[in-house]
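Here are the chains, one letter per residue:
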Amino acid sequence: MAVACQSPASPTPANLGSPDFLKRPVDQNFLDIPFKSRFHVRQYDSSNVTQVISDVQCYFVDHWPWKSNKECQSYLDADLEWVILLGYPDMLPERVRPCSIYIVWTILLDDAVGCCYRMLKEFDCQVEEVEEERESQSIDLKMMRDIFDRVMATDISDPGAPSAARNLCRGTCQWVLTTASISERKGAMHSPSLEAYLDFRVQDSGACLSKVLIAWGCGRPIKQHLWEESNLKLLDNLTSRHVSLVNDLVSYRRETEVAKQSDTGEVSKVITNAVAFIVQERALDEHDAIQFLWHYLSDLEVEMLKVEEVIKTTYSGGDLNEVERHIDSMKALCGRYNTPFSK
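Residues numbered from 1 in each chain as written. Predicted model: local features only at pLDDT ≥ 70, side-chain atom pairs only at ≥ 80, totals over all residues. Heavy atoms only, no water.

### Let's talk about the overall build of the protein chain
Looking only at helices and strands, the protein chain has 16 helices and zero strands in total. Per-residue burial over the protein chain gives 50% buried out of 343 residues. At a minimum sequence separation of 6, the contacts of the protein chain that also span at least 24 residues come to 77%. (Helix = DSSP H or I, 4+ residues; strand = E, 2+ residues; numbered from the N terminus. Buried < 20%, exposed > 50% of the residue type's maximum accessible area, 1.4 Å probe, protein only. Contact = heavy atoms within 4.5 Å.)

And the structure:
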């Protein structure tokens, strides 16, 4: 049963992307070390964007199993929907609402791992229906099915044929399996290197779904033969690492505050986060660990740009146009981190 929450006033289309929104002060001095992405921030622009945001917020106020009014209000204050519109500025107008609902759901689910266990007990991670009546299913599973229905409703292809919508639902099922594995999450903090840690986080955070989200939400699918190209796969991996790393950075303060409320003495034993990983791996203090990761993030962007140039010399004609549009969407996803929001 959802708790009653009153939504705070949201930004208006006039100031979406303005300094008032994009340069809001960050809690607890998160950006002690400024980072400037090489990629430009862009924004989704539509006359009905405020109504879409309101609809998405109401959906989660009414359907997510909030533990308290405070938790619900914290979600509303985070303005996750506005951040999503910066990450996916090329969303198709008819998919903005279901795409925003889907992404907000994955963010909330990532913070509530127990939900994954309950869903996996009831759901065999297939897109197709099961015989069990929906009325007898848990709130978590009902939400998952409802959101999948919204995604699949945008699909006009043969129900039995591969599609971006179906690929997203199937990929999400695999992500749920990954993020439900607490033992693997704890083991990730003992990875032999930052690269190995990030390889896990790409799967654990759902960043591995970025390309299918772009294919579905933005209507920018990549032909299979293009994905066989090693450099495009490399660029996708670099983008996923970028997204995963910044997700760790922007959530670090919140995670440490939650960890302090536990009985465990060491924060690194409670959270799975790149900052805590570097602190223990390199014996750095928190400030130096964050600085190290900012430099690592900058190096990732340099490598991404180099790989992009190689890719653009590989293709021509329609293939080049398709690849360039996809790369543009991936850069937009990384470019949103020009903005220091960290709710």
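The structure having been displayed, the exposition proceeds.
### Some remarks on the environment of His63
For His63, the location among the structural elements is in helix α2 (residues 49-63). Taking C-alpha positions, His63 is 8.0 Å from Ile139, a pair spaced 76 residues apart along the chain. Only 2.7 Å separates the side chain of His63 from the backbone oxygen of Tyr59, close enough to count as a polar contact. (Polar contact = N/O pair within 3.5 Å; in protein donor to acceptor, adjacent residues only side chain to side chain.)

### Describing the side chain of Asp236
Here Asp236 shows up in helix α13 (residues 230-260). Put simply, Asp236 is tucked away with no salt bridge, and the nearest opposite charge, on Lys211, sits 4.2 Å away. With residues up to four places along the chain from it excluded, the contact list for Asp236 reads Lys211, Trp227 and Met330. (Lys, Arg positive; Asp, Glu negative; His and termini not counted. Salt bridge = Lys/Arg side-chain N within 4 Å of Asp/Glu carboxyl O.)

### Some remarks on the pattern of salt bridges
According to the stated counting rule, one finds 15 salt bridges in the structure shown. Where Glu308 meets Lys312, a salt bridge forms, and the shortest distance between an N and an O atom there is 2.9 Å. Of this pair, Glu308 and Lys312 both sit in helix α15 (residues 286-312), four residues apart, which is roughly one turn of the helix. Overall, Glu308 belongs to the buried group, its relative accessible area being 5%. We note a salt bridge from Lys331 to Glu308, for which the minimum N-O separation is 3.4 Å. Highlighted residues: Lys331 in helix α16 (residues 317-335) and Glu308 in helix α15, separated in sequence by 23 residues. Salt bridges here are not isolated pairs; linked through shared partners, they connect Arg42, Asp90, Arg220 and Asp328.

### Here we look at unusual backbone geometry
Not every positive phi belongs to a glycine, and Asp79 is a case in point at roughly 55°. With respect to the secondary-structure elements, Asp79 resides in the loop between α3 (69-78) and α4 (80-87). The exposure class assigned to Asp79 is buried, which follows from its relative accessible area of 8%. Here Ala283, not a glycine, exhibits a phi torsion of approximately 55°, which is positive. Turning to its location among the elements, Ala283 is positioned in the loop between α14 (274-282) and α15. Overall, the relative accessible area of 70% leaves Ala283 in the exposed class.

### Looking at the packing of α2 against α3
How two helices sit against one another is set out by the angle between their axes and by the gap between those axes. Running from N to C, α2 and α3 cross one another at 165°; their axes reach a closest spacing of 11 Å. Considering their axes alone, α2 and α3 lie roughly antiparallel with respect to each other. Considering how the two elements wind past one another, α2 and α3 form a crossing that is right-handed. Side by side, α2 and α3 meet where Val56, Gln57, Phe60 and Val61 of the first sit next to Cys72, Tyr75 and Leu76 of the second. Tallied by class, residues from the contact of α2 with α3 come to six nonpolar, one polar and no charged. (Axes fitted to C-alpha atoms, helices over the stretch in contact; angles between N-to-C directions. Parallel < 35°, antiparallel > 145°, perpendicular 65-115°, else oblique. Left-handed = near helix turned anticlockwise from the far one by under 90°. Nonpolar A, V, L, I, M, F, W, Y, C, P; charged D, E, K, R; others polar.)

### Brief notes about the packing of aromatic side chains
Following the criterion strictly, the structure yields seven aromatic pairs and no others. Arranged with centres 5.3 Å apart and planes meeting at 25°, the rings of Trp66 and Tyr75 form a pair that is stacked. The class of Trp66 is buried, set by a relative accessible area of 7%. Pairwise contacts between aromatic rings join Tyr59, Phe60, Trp64, Trp66 and Tyr75 into one cluster. (Phe/Tyr/Trp six-rings, centres within 6.5 Å; stacked < 30°, edge-to-face > 60°.)

### What to know about α2
Taking 1.5 Å per residue as the helical rise, α2 with its 15 residues ought to reach 21 Å, and the 21 Å between its terminal C-alpha atoms agrees with that figure. Structurally, α2 contributes buried residues whose contacts are with α3, α4, α5 (96-110) and α7 (139-152). (Expected span 1.5 Å × (residues − 1).)

### A closer look at α4
Counting buried positions along α4 yields eight of eight residues, so the element is predominantly enclosed. For α4, the complete set of buried residues consists of Leu80, Glu81, Trp82, Val83, Ile84, Leu85, Leu86 and Gly87.

### Observations regarding the nonpolar core
Counting 92 residues, the largest nonpolar core has Phe60, Tyr88, Met91, Tyr102 and Trp105 as its most contacted members. With ten residues, α15 is the single largest residue contributor to this core. Counting the residues that make up this core, at least three belong to each of domain 1 (43-123 + 138-180) and domain 2 (181-342). (Core = buried A, V, L, I, M, F, W, Y, C linked by side-chain atoms within 4.5 Å. Domains from an automatic or database assignment.)

By themselves these figures say nothing about function.
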